[in-house]
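Chain by chain, the residues run as shown.
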Amino acid sequence: MSEYDGTENPETPWRGDEDGASEDDARGGEGLTGGDRTPYGPNPDERGKGLSAVAGLLGLALVVQALALELAAGQFWNDALVGATLFVAGAYNYYRRSNEEFGSIGVASLVALLGLWLVASPFLLGTGSGLAETANDLGFWTDVVVGLLAVGLGSYSAYEIRERRRDVDVRRTAT
């Protein structure tokens, strides 16, 4: 086993000197040394953080609504679980974008699907009795409005992530 310390590779064919003083791979890139171990940041301006933050805040609003309003049991648990999931999804994509990465298309799609569920759930759960009862009209319309916003945010975010990934070279390092 060789004593490789991570700074140079003795088996690299493009090394210039015998002593390893030159590590230019002659591809013409400025500042690319040591096997192109450069930091990878495909999203340096952190685009999309606002969309992710709004998605997380929509989830937080649903959780607060579930706790603040007097809702039927089915609507309470629906709002609490979907709101918590929206909050976590928004926070995850916000974290990724804060680290100069793209957001996750899957997570953005999940936000859109949860939004569709929020739009449909008041109508599916209905205004009947028992678990399907919607006890509060404000809760009913909040679910619909938050759902529509989540569908729009999630769909747009997934579309933009896909377009930006297509336009950027996504290799982490050149080896």
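Look above for the structure.
Residues numbered from 1 in each chain as written. Predicted model: local features only at pLDDT ≥ 70, side-chain atom pairs only at ≥ 80, totals over all residues. Heavy atoms only, no water.

## Describing the overall build of the protein
Logical step 1: The helix and strand tally for the protein stands at four helices and zero strands.
Logical step 2: In sequence order, the protein lays out its α and β elements as α-α-α-α.
Logical step 3: When burial is assessed residue by residue, the protein has 36% of its 175 residues classed as buried.
Logical step 4: The contacts of the protein with a sequence gap of at least 6 include a subset with a gap of at least 24, amounting to 69%.
Logical step 5: Surface summary for the protein: the accessible area is close to 10,500 Å², and the carbon and sulfur share equals 59%. (Helix = DSSP H or I, 4+ residues; strand = E, 2+ residues; numbered from the N terminus. Buried < 20%, exposed > 50% of the residue type's maximum accessible area, 1.4 Å probe, protein only. Contact = heavy atoms within 4.5 Å. Areas by Shrake-Rupley, 256 points an atom, 1.4 Å probe, with all protein chains shown as cover.)

## Overview of the packing of aromatic side chains
Logical step 1: Taken as a whole and judged by the stated rule, the model has three aromatic pairs.
Logical step 2: On the basis of an interplanar angle of 80 degrees and a centroid distance of 4.9 Å, the ring pair of F140 and W141 is categorised as edge-to-face.
Logical step 3: Taking relative accessible area as the criterion, F140 reaches 11% and is therefore assigned buried.
Logical step 4: Members of the aromatic cluster, connected to one another through ring pairs, are F123, F140 and W141. (Phe/Tyr/Trp six-rings, centres within 6.5 Å; stacked < 30°, edge-to-face > 60°.)

## Side note on helix 3 (residues 105-125)
Logical step 1: With 21 residues, helix 3 extends 29 Å between its outermost C-alpha atoms, agreeing within 8% with the 30 Å of an ideal straight helix rising 1.5 Å per residue.
Logical step 2: The largest bend in helix 3 amounts to roughly 30 degrees and is located at V119, with the proline P122 lying one to four residues further along.
Logical step 3: Taken together, the buried positions of helix 3 are occupied by V107, A108, V111, A112, L114, G115, L118, S121 and P122.
Logical step 4: The inward-facing, buried residues of helix 3 contact helix 1 (49-68), helix 2 (73-98) and helix 4 (137-167).
Logical step 5: At the N-terminal boundary of helix 3, the capping side chain belongs to S104, with an oxygen 3.3 Å from the backbone nitrogen of G106. (Expected span 1.5 Å × (residues − 1). Bend = angle between axes of the 7 residues up to and from the residue. Polar contact = N/O pair within 3.5 Å; in protein donor to acceptor, adjacent residues only side chain to side chain.)

## Overview of the packing of helix 2 against helix 3
For any two helices packed against each other, the geometry is given by the interaxial angle and the distance between the axes.
Logical step 1: The N-to-C vectors of helix 2 and helix 3 enclose an angle of 165 degrees; their axes lie 10 Å apart at closest approach. On the basis of the axis angle, helix 2 is roughly antiparallel to helix 3. Judged by the sense of rotation from one axis to the other, the crossing of helix 2 with helix 3 is left-handed. Residue-level contacts link G74, Q75, N78, D79, V82, T85, L86, A89, Y92 and N93 of helix 2 to V107, A108, L110, V111, L114, W117, L118, S121 and L125 of helix 3. (Axes fitted to C-alpha atoms, helices over the stretch in contact; angles between N-to-C directions. Parallel < 35°, antiparallel > 145°, perpendicular 65-115°, else oblique. Left-handed = near helix turned anticlockwise from the far one by under 90°.)

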